[in-house]
Amino acid sequence: MSNVFLFEFETDRDNVLSKILMQIPSRPNSVIPVEETPMPHLKLRIIDSSTSDLTPARIHIQDANGEFVYPEGCIPYDRDCHFTVDGQCEAEVSPGKISILVEKGKEFLSVSRELTVGDGEELELEFEMERWINMAELGWISGDLHIHRPLDDMPQLVMAEDLNVAPVITAWNQKNDWAEEEIPAEKVVAVDGTHSYGILTQEDERGGGAVMVMNLDEPIDLGKTSRWYPPSLTCCRAAKEKGYVVDQEKPFWWEAPVNVALGGVDTIGIINNHMQRATIMNAEAWGRARNIERYPGFEGFVENVLDLYYHYLNLGLKFPISAGSASGVLRCPVGYNRLYVHMDEGFDYDAWFEGMKAGRAFATNGPMLFFSIDGCDLGATLSASEADGFKGTVKLECLSQTKLDRIEVLENGEVIYEFDPSGSSEFSEEFEVSCNSSCWIGARAFEKNEETVRFAHTNPIYIEIGGPMRPRRESAQFYADWCEELLAESAADEERYGSEKERREVETLYQEAIDFYRGLMNDE
């Protein structure tokens, strides 16, 4: 027997309720089946070419719809459109053209593939990761000072990125991961013999910018804080009293020259989290904005950061560099920006920070840059008499897994030699340098890249001829003006502090910094 369906509707023309009977033959409770089209299925294996064993790595998969894929059981990081695996994974993707990028830090060649997959297709893909350089064997140990990732994920992350030293931020302003947990007695976790992470680094990031304190026994208690009180120097001084390493996270933060002038920081981040894998975060956030006409575009952003650092060196300060990625909050993998410290004695987590403070390091997010004068290490001081002046032999080498754009040698921030590698991924040169007055000499190298700025920068080697370098007046003037601007903005902001006592305390420090830089102007 047929089923009868009754439809009622109101016509638009005469507003009369009409009834239409429709008899549709069908079987009782019939369902029209709909077949689901199976998705393409990928099985990925990541192999270390030297051992044929599975190896952890970072993977980016983009499907035909432009969507990035994050398989179950992996560690996803959607800010940078990637996930990490312990060596293998399975993923479903949309049919069509897909792209796969597999990377393992800086010392393994990147592997990429594009392929087209059809409905229900199953593919088994193997990616061989080939090490193109072994920096640890050469005595260089890598570290990333700025990491915001869960501690439980760190064993896989440091191996996937082949990062040797990884201090993890677990106290950040009012967020303290240890507030309701007992802090373990052992603050450094060894993943294997050459890869370790620290469980307690603290970042104080407020109105004056950010500073980071490495490898604490317990978080520094700053009491009740506001955006501008206490100043970041308070955290720096509390850390220094206990012997901790303090990093000025970026040089364009408003209070950075105060912290430098008053001895609050050990290092400064010149390859920092605004320099990202696929772009440049092309603004100084709430820091002191650069002159866009003088420093335009992505390269201008980087050049401004470097010039801010060079001003400190031109004051005669021996001030080492650092590098950090802020993976966990920004678009960088762990270890994308990293510092390589020269360690003749091999891997040692605590000694790595001492080497960083001594300046035996270069920073990079791309090429490997080796630079020496008369065979001495980075951060060293070479001396000569005023009568003889200085002459020395520079050895310069730059290696990359991609094409190099240019390599430069600088004296007091000015390029004195520029080399064109002609699109090669390798460059080396040996030549003589001479100078008649105290100065600093360093090197930097840039890769060719359409999306971002990838480069390396060494710590300086200091040349003292008859005594230390005299401060340059223009650099002292630059930071004196900066601190005066900071003080003026503070004085004009009636809501900045909770009391006049707080205001006096902070503004007194700003004035001390102004006096420091004014004093250097007189010492020229």
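Residues numbered from 1 in each chain as written. Predicted model: local features only at pLDDT ≥ 70, side-chain atom pairs only at ≥ 80, totals over all residues. Heavy atoms only, no water.

Asker: Please give an account of the overall build of the protein that cites residues and values.
Answerer: Assigned secondary structure in the protein consists of seven helices and 30 strands. Projecting the C-alpha coordinates of the protein onto the three principal axes gives extents of approximately 115 × 60 × 50 Å. Looking at the protein as a whole, 54% of its 524 residues are labelled buried. A separation of at least 24 residues holds for 67% of the contacts in the protein among residues at least 6 apart in sequence. Surface accessibility of the protein: about 24,000 Å² in total, with carbon and sulfur atoms responsible for 45%. Here the protein contributes 46 positively and 94 negatively charged side chains, and the mean placements of these two sets differ by 3 Å. (Helix = DSSP H or I, 4+ residues; strand = E, 2+ residues; numbered from the N terminus. Buried < 20%, exposed > 50% of the residue type's maximum accessible area, 1.4 Å probe, protein only. Contact = heavy atoms within 4.5 Å. Areas by Shrake-Rupley, 256 points an atom, 1.4 Å probe, with all protein chains shown as cover. Lys, Arg positive; Asp, Glu negative; His and termini not counted. Charge placed at Lys NZ, Arg CZ, Asp CG, Glu CD.)

Asker: I'd like a rundown of a negative patch on the surface, residues and numbers included.
Answerer: Residues Asp374, Glu429, Glu430 and Glu432 make up a contiguous surface patch of negative charge. Inspection of the secondary structure puts Glu432 in strand E27 (residues 426–435). (Patch = residues over 30% accessible without salt bridge, like charges linked within 9 Å, V, L, I, M, F, W, Y side chains within 5 Å. Salt bridge = Lys/Arg side-chain N within 4 Å of Asp/Glu carboxyl O.)

Asker: Break down the nonpolar core for me, citing the residues and quoting the values.
Answerer: One recurring pattern in soluble globular proteins: nonpolar side chains tend to sit buried together. Counting 93 residues, the largest nonpolar core has Tyr312, Leu339, Trp352 and Tyr517 as its most contacted members. Ranked by residue count, the leading element in this core is helix H4 (residues 297–313), at nine residues. Here Tyr312 is in contact with Ala256, Pro257, Val260, Ile268, Leu317, Phe319, Tyr479 and Tyr517, once residues within four sequence places are set aside. In this structure, Trp140, Leu404, Ala445 and Ile463 belong to the second largest nonpolar core, which totals 35 residues. (Core = buried A, V, L, I, M, F, W, Y, C linked by side-chain atoms within 4.5 Å.)

Asker: Any chance you could break down the packing of H4 against helix H6 (residues 473–492) for me, citing the residues and the numbers?
Answerer: Packed helices, taken two at a time, are described by the angle between their axes plus the distance between the axes. Closest axis-to-axis distance for the H4/H6 pair is 8 Å, and the angle between their directions is 115 degrees. Between H4 and H6, the interaxial angle falls into the category roughly perpendicular. Note that H4 runs across H6; the crossing there is left-handed. Note on element contacts: H6 touches H4 through Ser475, Phe478, Tyr479 and Trp482, opposite Leu308, His311 and Tyr312. (Axes fitted to C-alpha atoms, helices over the stretch in contact; angles between N-to-C directions. Parallel < 35°, antiparallel > 145°, perpendicular 65-115°, else oblique. Left-handed = near helix turned anticlockwise from the far one by under 90°.)

Asker: Explain the pattern of salt bridges to me, using residue names and the numbers behind them.
Answerer: According to the stated counting rule, one finds 26 salt bridges in the structure shown. Here Asp162 ties to Arg131 by a salt bridge, and the two come within 3.2 Å at their closest N and O atoms. Placement of the pair is Asp162 in the loop between helix H1 (154–160) and strand E12 (165–172) and Arg131 in the loop between strand E10 (122–129) and strand E11 (140–143), with a sequence separation of 31 residues. Arg131 gets classed as partly exposed once you look at its relative accessible area, which sits at 31%. Of the charged contacts, one joins Lys318 and Glu464 as a salt bridge, the two residues approaching to 3.0 Å between their closest N and O atoms. Within this pair, whereas Lys318 is found in the loop between H4 and strand E19 (321–323), its partner Glu464 is found in strand E30 (residues 461–465), the two being separated by 146 residues in sequence. By relative accessible area, which is 46% here, Lys318 ends up partly exposed. Residue classification places Glu464 among the buried residues on the basis of a relative accessible area of 18%.

Asker: Outline the packing of aromatic side chains, supporting the account with residue identities and numerical values.
Answerer: Scanning the model with the defined rule gives 24 aromatic pairs in all. When the centroid spacing of 5.7 Å and the interplanar angle of 80 degrees are considered together, the rings of Tyr312 and Phe319 count as edge-to-face. With relative accessibility at 0%, the residue Tyr312 sits in the buried group. Assessed through its relative accessible area of 4%, Phe319 is described here as buried. With 5.4 Å between their ring centres and 15 degrees between their planes, Phe446 and Phe455 make a pair best called stacked. Three or more aromatic residues link up through ring pairs in this structure, and these residues are Trp254, Tyr312, Phe319, Phe478, Tyr479, Trp482, Phe516 and Tyr517. A cation over a ring is seen here: Arg288 above Phe478, with NZ or CZ 5.8 Å from the ring centre. (Phe/Tyr/Trp six-rings, centres within 6.5 Å; stacked < 30°, edge-to-face > 60°. Lys NZ or Arg CZ within 6 Å of the ring centre and 35° of its normal.)

Asker: Before we move on, could you go through the sheet that holds strand E7 (residues 88–92) and cite the residues and values that matter?
Answerer: Strand order across the open sheet formed by three strands is E7-E3-E10, with mixed pairing between neighbours. Here the strands that pair on one side only, and so sit at the sheet edges, are E7 and E10. Going from strand to strand, the sheet's axes swing by 20 degrees on average, the running direction of each strand aside. (Pairing = 2+ DSSP bridges.)

Asker: Describe in detail H4, supporting the description with residues and values.
Answerer: The periodicity of an α-helix, 3.6 residues per turn, causes residues three or four places apart in sequence to face the same way. Over its 17 residues, H4 extends 25 Å from the first C-alpha to the last, a length consistent with the 24 Å expected when each residue adds 1.5 Å. Among the 17 residues of H4, 13 are classified as buried, and the element is accordingly described as predominantly covered. (Expected span 1.5 Å × (residues − 1).)

Asker: Any details on the packing of H6 against helix H7 (residues 500–523)? Residues and values, ideally.
Answerer: Look at H6 against H7: their axes get within 8 Å of each other, and the N-to-C directions meet at 165 degrees. In terms of axis orientation, H6 runs roughly antiparallel to H7. For the pair H6 and H7, the sense of crossing is left-handed. Only Arg503, Glu507, Tyr510, Gln511, Ala513, Ile514, Tyr517, Arg518, Leu520 and Met521 of H7 make contact with H6, whose side of the interface consists of Arg473, Ala476, Gln477, Tyr479, Ala480, Asp481, Cys483, Glu484, Leu486, Leu487, Ser490 and Ala491.

Asker: Outline the sheet that holds E27, supporting the account with residue identities and numerical values.
Answerer: With antiparallel pairing, the three strands of this open sheet are ordered in space as E22-E24-E27. Looking at strand neighbours, the two that pair on one side only are strand E22 (368–373) and E27, the edges of this open sheet. Looking at each pair of strands side by side, their axes are set apart by 15 degrees on average, direction ignored. Across six bridges, the pairing between E22 and strand E24 (residues 390–399) is antiparallel. Its bridge partner being in E24, Ser372 is matched across the sheet by Lys395.

Purely geometric stuff here, so don't read any function into it on its own.
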